[in-house]
Amino acid sequence: MSERFFITTQPAGDRAVLEGDEARHLTRVLRAKVGDTVSLFDGRGREWPARVASLGRDRVELDTTEPTVDPVPVAIPLTLAVALPKGDRQKWMVEKLTELGAARLVPLETTRGVAEATASAQARLERVVIEACKQCGRNTLMEIAAGRPLERLLAEVPAGACVVIAHPGGRSLDVAAIPTTATEIIALVGPEGGFTDEELGTADRAGVIRISLGPHILRVETAAIALAARLVG
Ligand code: SAH
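Description of the structure in this document. (Residues numbered from 1 in each chain as written. Predicted model: local features only at pLDDT ≥ 70, side-chain atom pairs only at ≥ 80, totals over all residues. Heavy atoms only, no water.)

## So, the overall build of the protein chain
Scanning the protein chain from N- to C-terminus turns up six helices and 13 strands. Judged by the C-alpha coordinates and their principal axes, the protein chain covers about 60 × 35 × 30 Å. Across the 233 residues in the protein chain, those meeting the buried criterion constitute 43%. Counting contacts in the protein chain only where the partners sit at least 6 residues apart, residues at least 24 apart contribute 73% of the total. Only carbon and sulfur atoms are counted for the fraction: they give 52% of the accessible area of the protein chain, which is about 11800 Å². Of the side chains in the protein chain, 28 bear a positive and 31 a negative charge, and the two mean positions are spaced by 3 Å. (Helix = DSSP H or I, 4+ residues; strand = E, 2+ residues; numbered from the N terminus. Buried < 20%, exposed > 50% of the residue type's maximum accessible area, 1.4 Å probe, protein only. Contact = heavy atoms within 4.5 Å. Areas by Shrake-Rupley, 256 points an atom, 1.4 Å probe, with all protein chains shown as cover. Lys, Arg positive; Asp, Glu negative; His and termini not counted. Charge placed at Lys NZ, Arg CZ, Asp CG, Glu CD.)

## What to know about the site of the ligand
What surrounds the ligand is a group of 19 residues, the closest being A166, G190, L213, H216 and L218. At a separation of 3.0 Å, a nitrogen atom of the ligand approaches a polar backbone atom of G214. Note that a nitrogen atom of the ligand is positioned 2.9 Å from one of the backbone N or O atoms of L218. In a pocket analysis with a 2 Å cut-off to the grid points, the ligand is assigned to the second largest pocket. Grouping the constituent residues of the shell around the ligand by class yields 11 nonpolar, seven polar and one charged. (Near = heavy atom within 4 Å. Polar contact = N/O pair within 3.5 Å; in protein donor to acceptor, adjacent residues only side chain to side chain. 1 Å grid on protein atoms, 1.4 Å probe; cavity = no way out; pocket = protein on both sides within 12 Å on 5 of 7 lines; lining within 4 Å. Sits in = over half its atoms within 2 Å of the grid points. Nonpolar A, V, L, I, M, F, W, Y, C, P; charged D, E, K, R; others polar.)

## Examining the layout of surface pockets
Here the largest pocket defines a volume of roughly 440 Å³. Looking at the largest pocket, it is lined by 20 residues, and the ones nearest its centre are P73, G101, A103, R138 and T140. Each residue belonging to the lining of the largest pocket can be placed in one class, and the counts come to 12 nonpolar, five polar and three charged. Mapped onto the domain boundaries, the lining of the largest pocket takes at least three residues apiece from domain 1 (4–69) and domain 2 (78–231). Forming the boundary of the second largest pocket are 19 residues, of which A166, H167, P168, I217 and L218 lie nearest the centre. Split by residue class, the lining of the second largest pocket holds 11 nonpolar, six polar and two charged. (Points joined across faces, edges and corners; volume = space filled by probe spheres on them. Domains from an automatic or database assignment.)

Any link to function would need more than the numbers given here.
Here's what the structure looks like:
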């Protein structure tokens, strides 16, 4: 696979433009030359083969041909609603969830949560998603949704979605128990301090299925990745 670059502006005709970080990566880090070939992707499933046509300091123009379009996924999309861990563990989790193919990450606000789901955190994580997509060949970005409290998330669950909550000691995750007619799977992961009894009660009342991921207490990011590894079809 050739080097991949993320574009926010669709190519006009057969000409695409890279600006900002993506242009600097191509010119300064990779020291590209006119005529070099790369791939461009738009984060919405399209990928273009491209050839560098001109190089500026912060702007690169490329010639493109017809894009390839990702097939419509047949698997049930997975949303992970996670009480984010802090710092590097948060970034690492987002990188792995992107590689594994999770559709969406919702930062979950919980009583014992440690990391705030601010707009700047959201923007930082969106950059991690782009980097992971560049590296792993994924052409559709994992969405980083705005943070929200557990109660609101549960109140907004769309009809047809299947919701599970990971909590040590519940019954084991049985992928076969997820209805094949589900339109979406939403999996909830708590903070290092765990969900409170009140939060577990709220989830129970909303009909959320409690699941266990084995006999050990996993870090937040391990639990999220284990869920993605088992639930992305
Ligand atoms: N002391 C907490 C552990 C929190 S671990 C407690 O006993 O609840 C952080 C989160 O990861 C948990 O809230 C849960 O969502 C998930 N998790 C960790 N280990 C798990 C396991 N064995 N089974 C299911 N979920 C787990």
